[in-house]
Amino acid sequence: MAANPEFMNQPQIGFKLDGEDVFAFEGETILQAAKRHGKEIPHLCYSDNLRPDGNCRACVVEIEGERVLAPSCCRKPSEGMNIKAESERAVRSQKMVLELLKSDMPKQSQSPYTLKSELDFWAEKMEVGAPRFKGRSQPQADLSHPAISVNLDACIQCTRCLRACREEQMNDVIGYANRGSHSEIVFDIADPMGASSCVACGECVQACPTGALMPAGNVGLQVADKTVDSTCPYCGVGCLIKYHVKDDKILYTEGRDGYTNHFRLCVKGRYGFNYIHNPLRLTKPLIRREGVPKSTELLDPNDLDKEFREATWEEALDFAANGLKKIRDEKGKKALAGLGSAKGSNEEAYLFQKLVRTGFGSNNIDHCTRLCHASSVVALLECLGSGAVSNPVSDVAQAEVIIIIGSNPTVNHPVGATFMKNAAKRGTKIILMDPNRTPIAKYASHVLQFRPDTDVALLNGIMHTILAENLQNDAYIKQYTEGFDQMRTHLRNYSPEKVAPVCGIDAETIKEVARLYATSKGSMILWGMGVSQHIHGTDNARCLIALALMTGQIGRPGTGLHPLRGQNNVQGASDVGLIPMVYPDYEPVEDPKFRAKYEKLWNTELDPKRGLTTVEMIHAILDGEVFGMYIEGENPAMSDPNQNHARKALASLEHLVVQDIFLTETAGFADVILPASAFYEKTGTFSNTDRRVQMGRQAVNPPGEAKQDLWIIQEIAKRLGCDWNYQGPEDVFNEMRQAMTSIAGMTWERLDQEDSLTYPLENVGDPGQPVIFTDGFPTATGRGRFVPADFIHADELPDNEYPLIFITGRQLEHWHTGSMTRHSATLDSIEPDPVVSVHPLDLEKLGVEPGGFITVESRRGKLSAYARAELGIQQGTVFMAFCYNEASSNLVTNDALDPAAKIPEFKFCAVKAYAGGTPNKRIN
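Nothing here was measured: the structure is a model prediction, and the numbers come from that model.

### Looking at the overall build of the chain
Helix and strand counts for the chain come out as 29 helices and 39 strands. For 924 residues, the compact-globule formula gives about 29 Å, and the C-alpha radius of gyration of the chain, at 29 Å, lands near that figure. For the chain, the spread of C-alpha atoms along the three principal axes comes to 90 × 70 × 65 Å. For the chain, restricting intrachain contacts to residue pairs at least 6 apart in sequence, the fraction spanning at least 24 positions comes to 72%. Roughly 33,600 Å² of accessible area belongs to the chain as shown, and the carbon and sulfur atoms make up 48% of that amount. Where the 97 positive side-chain charges of the chain centre and where its 118 negative ones centre are 2 Å apart.

Right, here's the structure in full:
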């Protein structure tokens, strides 16, 4: 066992252990030092990643000169101490503890719930026989939760689950109740687990040493054929995971000790893998039947055979490519467009954008970053010369102040949120700024629940205070920035007293927050799509950047700017050029120097003009400019705003090729559907929100005739005239290194060995740079740029007819458009129905009971769903996740665009709501 990194630089303490001279680092316990020296001491309540409690006493040792035995998991050695872990007295006590615990097991035997019981392991190793003691009265099993089985007859009350829940994840669901023989582990106030506030992160399951808490379905009693070290396919945190596989199916998962998660997972990473085994998976290529017209209605999978027929791969690929080629050759290169995926690997995204640029002949290529953080990237490139985050999420541990704005991290980035909560527990001040009072507010020192749409006014008010009270960092501004004088002049009009009635936050609170942020030793800003998804999203981000620049809160650990990425590879897909205005590494397509570079690398003449963005493609279809599309793993029929408009466009296409794993809402509009590989069925690299390039490894095979995405993309490219012959992801990655200075020093072999590397990593052997902008910025002048932003309103404001504000987002159990999570039996069981969250007083005004039906209507469309009362929602606003096709929130949303980033205004539109209505039929 290696030493814990936190102890490595500490002084050494010499002591004797069973007659052997050993040492401990200062701060290490006897048990930790013993494990590092290869000495095994039984232990059950101890786990490396949890605070030691010393309550099971299986690890007791004898210390010379002391009357009582000491728990080695809690006790730290001192210089010259003589410790005996294998003395007769210590061993007899250790065995007695194990025997007593074993007597409490069901039938006083081995755990009936797992083959990996640590109690069974130690009892066998210590040769503990049948217990001599009477068993206890056993509680009944609690099988009320879809993901977790609770069998407290196997519980030894070690409290590892409690510490994991309260201190690691900080969900505070598990408690220890009563005394003596009545003591027990409880969920909330002794609720069934399925009725408790449990968020199913599974940290308790991973911590349990006996199988008392296990994944549902008795998977703990099955022996895996293999384990595969990989990553998580969901949010941008990029947790490292170990998959346990049997008979080409994933049994269960465990968190690994990665830089991003340190063993922790959320409900999606822990239990959301089983969508790949759903019987609705696409397994054969499909071609639309002749004479069957397209409709703007979503296609029910039960009607699939009426509209599509099965085809061979050769026929489907020829049909797909010939349709695209015909449009390209007859109507021009810009009559085609492509949408790639942030759920796929870097290699897939790189090849897809290369296909569009070289095979189609234009830059009409985009992906979901246009719908999430495009405005953040535009502002970062404009102001700092780089679209990447400056500091990793883990830097919250080193910050004194954390601003979280426009983000609900406990839902959207749950594991990242645990580190924020841990930091708050250690004394870091969290300042939450959001129109909704989200769950992280529980840990915040300041909650600024501002009026929707007023971010710029609030942030300008904070910056005004910093300058008015002379809290800016003049030395930093002088050395590293430009444009400050214009910013100073601009901010004179935004005093806290002036902006307070606009944003709904009192002037003194604005001033207090400004002082906290500016004067701390380290302040960090994390933001989400509540900042970016506005017509003024770029302005919002410009303000956050200016706030960091004027205070010098950037370029050091515990400072900086971090837009939290929503999808597992949205960072990587952007990095490799899956966007219409830049090549890989954000090199502009309109710059002749960079265009010449890629023409040489790809041996093809390239389009000198930027292409269409996602929403612009939809308009171009209806304007008669785009006639064919190739969509790989993206779902615009659910993700695009003003969905009636978007679906009409998709139905109007002359030729649509869709490559996906399910009959998504978009696939129903296709002319040919190509069955692809899910995350767990491929090997490739994925870049998380921290700029970490991480290795994802294939765990199982694609079902039926489904193929690897890389193979499909390459086959289409060949039929469009591209001379490609990549043998696999490693070949593609090696070409990416030629194109991208940021990863030029990464090798496939090193990634395979180390799992995770941070860019910039320009030379082989470099360590990578977790913190960037330490000595200026990658701009033409080397300086960060202040860009003033005036306060403007949303495109569409409430009025007498549409008096409410509609806000969209995500929810914990589901992700993006639900194409993966709603096919997971576990996740769908936890949250099966579409809900609209409304303040209780607004529900009362509308005459809607919680759980009753509510209809939300805008100028573009309407939906009906179940009403959920939420105190954290501001009065006058309603919130909904966009994952439900039977009540699609984007039927309602506004497709007005931010002029700089072309991102739609998902986070604000005017609606009315009324009682009644029912959701449409769910189609998958």
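### What about a nonpolar patch on the surface?
A cluster of nonpolar residues, Leu115, Leu221 and Val223, forms a patch on the protein surface that exposes about 280 Å² of accessible area. Here Val223 is to be found in the loop between β9 (213-215) and β10 (226-231). For Val223, a relative accessible area of 53% puts it in the exposed group.

### Some remarks on helix α26 (residues 729-739)
Among all positions in α26, only Pro729, Val732, Phe733, Glu735, Met736 and Ala739 are buried. Around the axis of α26, the buried residues are gathered within 160° of arc, so they sit on the same side. Contacts made by the buried residues of α26 are with α9 (346-360), β24 (587-588), α21 (592-602), β28 (684-687), α25 (709-719) and α27 (748-754).

### What to know about the packing of α9 against α26
Where α9 meets α26, the axes come as close as 9 Å, and the angle between the chain directions of the two elements is 70°. Comparing their axes, α26 and α9 come out roughly perpendicular. Judged by the twist between their axes, the crossing of α9 over α26 is left-handed. For the pair α9 and α26, the contacting residues are Asn346, Glu347, Tyr350, Leu351 and Lys354 in the first and Pro729, Val732, Phe733, Glu735, Met736 and Ala739 in the second. For the contact of α9 with α26, the class distribution of residues is seven nonpolar, one polar and three charged.

### As for the sheet that holds strand β2 (residues 20-25)
Strand order in the open sheet formed by five strands is β2-β1-β5-β3-β4, and the pairing between neighbours is mixed. Each of the sheet's edge strands pairs with one partner strand only, and the pair in question is β2 and β4 (70-71). In terms of strand pairing, strand β1 (residues 12-17) meets β2 through six bridges, oriented antiparallel. Residue pairing across strands places Leu17 opposite Glu20, the latter belonging to β2.

So, how was this worked out
- Residues numbered from 1 in each chain as written.
- Predicted model: local features only at pLDDT ≥ 70, side-chain atom pairs only at ≥ 80, totals over all residues.
- Heavy atoms only, no water.
- Helix = DSSP H or I, 4+ residues; strand = E, 2+ residues; numbered from the N terminus.
- Rg over C-alpha atoms; globule rule 2.2 N^0.38 Å.
- Contact = heavy atoms within 4.5 Å.
- Areas by Shrake-Rupley, 256 points an atom, 1.4 Å probe, with all protein chains shown as cover.
- Lys, Arg positive; Asp, Glu negative; His and termini not counted.
- Charge placed at Lys NZ, Arg CZ, Asp CG, Glu CD.
- Patch = residues over 30% accessible without salt bridge, like charges linked within 9 Å, V, L, I, M, F, W, Y side chains within 5 Å.
- Salt bridge = Lys/Arg side-chain N within 4 Å of Asp/Glu carboxyl O.
- Buried < 20%, exposed > 50% of the residue type's maximum accessible area, 1.4 Å probe, protein only.
- Arc of directions from axis to C-beta.
- Axes fitted to C-alpha atoms, helices over the stretch in contact; angles between N-to-C directions.
- Parallel < 35°, antiparallel > 145°, perpendicular 65-115°, else oblique.
- Left-handed = near helix turned anticlockwise from the far one by under 90°.
- Nonpolar A, V, L, I, M, F, W, Y, C, P; charged D, E, K, R; others polar.
- Pairing = 2+ DSSP bridges.

Note that every value here comes from positions in space, so none of it alone points to a role or purpose.
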